[in-house]
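Take a look at the letters that make up each chain.
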Amino acid sequence: MVNSPLPHTLLPTEVLRQIISEYVSSAEWRNPETPRHSYKPSWSVVQSLTVASKVVRQLALEAWFQIYFVRRPDDLLNAWPELSTWTRELHCVELGTDLLALQAVRWNLRSFHRLQKLRVDFDPSQSNAMLLIRFDHPRQIASQIQELEVYDVSWPSPMTARIIAEGFLGLRVLKLSQDLIWCNLCNICCFATFSKSPPAEIVYEKVVGLPSHYVQFLKSLSLLQYVTLSIGYGLGGKTSLSESNDNVWTGECDACMDMMYASEDYRREWVEKKKNLERPPSLKTVTWRFRLKNATDVILDVEDEPEGPPTEDESDTGQSLGQD
């Protein structure tokens, strides 16, 4: 008697989805702190899965497009319909200038109904501080975004905080990574310098820990819980940040601290004022992170010519992903 072959057993779709998701998550991801480049694993990680079967192909593309990396506003308008449910994070590279801020062409988010996170990478050699207003359309989609990361704003004045607060009402997590920071004493953006390296990070829990002019706008974000500011710094200053952080540093420039903290009365009064700032109602922590950078590499002249854009095949839309 010949035994019949065992019937082909297909794993439930939900199990396959979990397996493929874990597989993509465990692949080698690129450095997320490298602006203007995708930090997803390379396309080769999922390419073989797309020819395994119709079901596996669908699930592999779903896992791959959890993050959608794009370089042009048109890429959003021409996205596959499936991305409206697949994509949780948009990673956009905006190489324009503030001259584009009020133009009609925006980064239109209307197709991404399940969007939870938006990351925007700017070109630091361009004047770009107003360009975030191109990313809040339509407002009902922008308002549901819970996490916003912005890299390389050229002039991170309180106007940046205002645009964020007015356009992204549902934020819970905000990360700003840039070379400059706003000094609340001289009211100008500057490159932080210290006499010696600061701690790797400073975390505030009991006090706000943000420039007061930022707080003026961010306090309207009722759901905001976590703020991270990653800034460049140089050596050669006259002041330093100790581990105890007695001055409750929130971006003050070296020149202002050196001059104005010479008066102990003024220093105490200023520190007390910072400790008593009104908090965003749900705020839990503010974290400052510091990365050493040569001051000669910091772009202060926004009229400098930008470098050419990365090659097209580094964009998700540059892949050959034709559907069956």
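In the block above lies the structure referred to throughout.
So, a few notes on the structure that sits alongside this text. (Residues numbered from 1 in each chain as written. Predicted model: local features only at pLDDT ≥ 70, side-chain atom pairs only at ≥ 80, totals over all residues. Heavy atoms only, no water.)

Next up on the list: the packing of helix H1 (residues 13–26) against helix H3 (residues 54–64). In contact at an axis separation of 9 Å, H1 and H3 are set at 45° when each is read in the N-to-C sense. Judged by the inter-axis angle, H1 sits oblique to H3. Regarding H1 and H3, the two cross each other, and that crossing is right-handed. Of the residues in H3, those touching H1 at Thr13, Leu16, Arg17, Ile20 and Val24 are Val55, Val56, Leu59, Ala60, Glu62 and Ala63. Its residues placed into classes, the contact of H1 with H3 shows eight nonpolar, one polar and two charged. (Axes fitted to C-alpha atoms, helices over the stretch in contact; angles between N-to-C directions. Helix = DSSP H or I, 4+ residues; strand = E, 2+ residues; numbered from the N terminus. Parallel < 35°, antiparallel > 145°, perpendicular 65-115°, else oblique. Left-handed = near helix turned anticlockwise from the far one by under 90°. Contact = heavy atoms within 4.5 Å. Nonpolar A, V, L, I, M, F, W, Y, C, P; charged D, E, K, R; others polar.)

Before going further, it helps to spend a moment on H1. The terminal C-alpha atoms of H1 lie 20 Å apart, and with 14 residues this matches the ideal 20 Å at 1.5 Å per residue to within 8%. Looking only at H1, the buried set comprises Leu16, Ile20 and Val24. An end-on view of H1 places all buried positions within 65° of arc, on one side of the element. The outward face of H1, more than 90 degrees from its buried face, is lined by the exposed residues Glu14 and Ser26. On its buried face, H1 sits against helix H2 (44–47) and H3. (Expected span 1.5 Å × (residues − 1). Buried < 20%, exposed > 50% of the residue type's maximum accessible area, 1.4 Å probe, protein only. Arc of directions from axis to C-beta.)

With that settled, consider the side chain of Arg71. Checked against the element boundaries, Arg71 lands in the loop between strand S1 (67–70) and helix H4 (73–77). Among the polar contacts listed, one links the side chain of Arg71 to the backbone oxygen of Arg36, at a separation of 3.2 Å. (Polar contact = N/O pair within 3.5 Å; in protein donor to acceptor, adjacent residues only side chain to side chain.)

Looking now at the nonpolar core. Judged by nonpolar contacts, the single largest core of 87 residues is most densely connected at Trp249 and Trp288. Element by element, the count of residues in this core is highest for H3, at six residues. (Core = buried A, V, L, I, M, F, W, Y, C linked by side-chain atoms within 4.5 Å.)

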